[in-house]
Every structure is written in C-alpha cells, then in structure tokens.
Amino acid sequence: MEQKARILVVDDEERIRRLIRMYLEREDYEIDEAEDGDTALKMALENHYECILLDIMMPGKDGVEVCKEIREKKTTPVIMLTAKGEESNRVQGFEVGTDDYIVKPFSPREVVLRVKALLRRSGTSNFAGKENSTKDMLEFPHLIIDNDAHRVLADGIEVGLTPKEYELLHFLAKSPDKVFDREQLLKEVWKYEFFGDLRTVDTHVKRLREKLNKVSKNAAKMVVTVWGVGYKFEVAND
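Residues numbered from 1 in each chain as written. Predicted model: local features only at pLDDT ≥ 70, side-chain atom pairs only at ≥ 80, totals over all residues. Heavy atoms only, no water.

Per an unreviewed UniProt entry, the chain is named Two-component system response regulator ResD, and its organism is Aquibacillus albus.

Shown next as structure tokens:
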C-alpha cells in the first residue's frame, strides 16, 4: 500500500487552513496544521513532511524566520503563502530558502497544482507520479546528479539540497561552460511569476557552494562566478 505524502499547513486563519486541508485531502495527502510560527517550527523539526505550506505574516515567529530555522536543519520543500503587496517579504523568503510562493487570495486548485509540482521537482516520486523509463543522470569528476532520484553525490557522498538548490545546480550542469546572468536564472529556475531581487540568485549559489564544499571542495569549485555577468558550471579537469 502506497504511503500518503504528509503536508504541514501553517496559517493563523482557521478558514484558510480548513480550505487548503479540504482540497489537499481530496488528493489523498495527509495534512497536519499549525496556527503560529513557534508551533510550526516545532512540528517541522520533530516530524517528517514532504512539503510545508507556510504563511508569512503570523503571531510570534513569522514565516521567513520559521523557514530560516528549518533550513538550518532540514531541506523540506517550503511554499510560502503571501498577501499581495508583500514583495519584500517574498524576496526575504527566497533568500532564506523558500522553494515557491503563492499570493493570497489564491485558488485552492492552484495550491494543489503547486504542491504536486513541488513534490515532482523534489523527487518525491512515490507521491508525484514520476514517469521516467530511462536513467536521467549527469556524471562529472567529483559530482553525480541523479535526476531520477533528485540526488546529488559529491565524491560519492550524498549532499542534502533543497528543491530550489537542486534545480539551480541541475540547470547549470546541463550546460557546462555556458554563462547565465542572474535574470536568466531567475526566469529559468524561479519560474512562478517571480521577477525580484537578483540577490536571491547570489544567496542560493552561496548556499549551494557551502553545502558542496562541506563534502567536496572540488565539487564546490564547479559552480563558478563570472564577475560582472553571472554564473556557470565548469567541469574539473583533474
């Protein structure tokens, strides 16, 4: 029997939690709820979730702070819920590791589609209906990117990346030595209506390098800054 994907819905408004819960349960997801940031953080760290839907504006810790603290310990995919006009908050969210965002008021159907897309991109194949029949893998000296399993191995050791960090690395690695500016990366990696602060790209590149560097300095060096232009993936020659 296939296990249900478990999702944490965090919002201080009960009607929003109830609405999201109703639509996600129709899709056979298992839903937990939290009404404030402190409770959400405790639940997120103590339990395993395939995805967290996280409101930005809440009593106590706000969504940005909760996401930041989750990212210090876990790579759980996070979708931020934001009100219109909170662009600066959305930028902050991306900078601390949010994978996607949905603007209120939203269609419940949009929430379902975004959750499914994120589970697909994060490689939660048991829940997302993945349909690969051939092996999709990029292999380089010191680095293997297994796109079927959404796993990254640096010198044989698995590196824990968030879905967005993984997407960024995979996108760059598909075109070795090609330089992409920040606007291109925002468009290709942050696809959903986001045309925001270019620092978001820099922050994710920095975090990606740090995680690779903890495992393999050679792998980390493959993500290269082209000063004044952007970033590229450079294959090591040794």
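Colleague: Mind showing me how you'd approach the sheet that holds strand 11 (residues 223–226) here?
Modeller: Note on sheets: strands pair through backbone hydrogen bonds, and any given pair is parallel or antiparallel. Pairing within the open sheet is antiparallel, and its three strands lie in the order 10-12-11. Here the strands that pair on one side only, and so sit at the sheet edges, are strand 10 (180–181) and strand 11. In this structure, strand 11 lies alongside strand 12 (residues 230–233), joined through four bridges in antiparallel fashion. By the bridge assignment for strand 12, Thr225 is matched with Tyr231. (Pairing = 2+ DSSP bridges. Helix = DSSP H or I, 4+ residues; strand = E, 2+ residues; numbered from the N terminus.)

Colleague: Where do I start with the side chain of Arg17 in this structure?
Modeller: Inspection of the secondary structure puts Arg17 in helix 1 (residues 14–26). Judged by its relative accessible area of 8%, Arg17 is buried. In this structure Arg17 touches Val9, Asp11, Asp12, Glu33, Ala34 and Glu35, once residues within four positions along its chain are discounted. (Buried < 20%, exposed > 50% of the residue type's maximum accessible area, 1.4 Å probe, protein only. Contact = heavy atoms within 4.5 Å.)

Colleague: Honestly, the nonpolar core in this entry has me stumped. Any pointers?
Modeller: Soluble globular proteins: nonpolar side chains tend toward being buried together. Membership of the largest hydrophobic core comes to 51 residues, with the highest contact counts inside it found for Ile52, Leu54, Leu143, Val152 and Leu169. The dominant element in this core, judged by the number of residues it contributes, is helix 7 (residues 163–173), at six residues. In this structure, Ile52 is in contact with Leu8, Val10, Ala44, Ile70, Thr76, Pro77, Val78 and Ile79, ignoring residues within four places of it in sequence. (Core = buried A, V, L, I, M, F, W, Y, C linked by side-chain atoms within 4.5 Å.)

Colleague: Help me out: how do you make sense of unusual backbone geometry in this one?
Modeller: Only a minority of non-glycine residues have a phi that is not negative, and only a minority of peptide bonds are not trans. In this structure, the amide linkage connecting Lys104 to the following residue, Pro105, adopts the cis form with an omega of -5°. Counting through the fold element by element, Pro105 comes out in the loop between strand 5 (100–104) and helix 5 (108–121). Of note in this structure, Asp28 is not a glycine but carries a positive phi near 75°. Positive phi outside glycine occurs at Asp155, with the angle close to 50°. Along the chain, the position of Asp155 falls in the loop between strand 8 (151–154) and strand 9 (157–158). With relative accessibility at 43%, the residue Asp155 sits in the partly exposed group.

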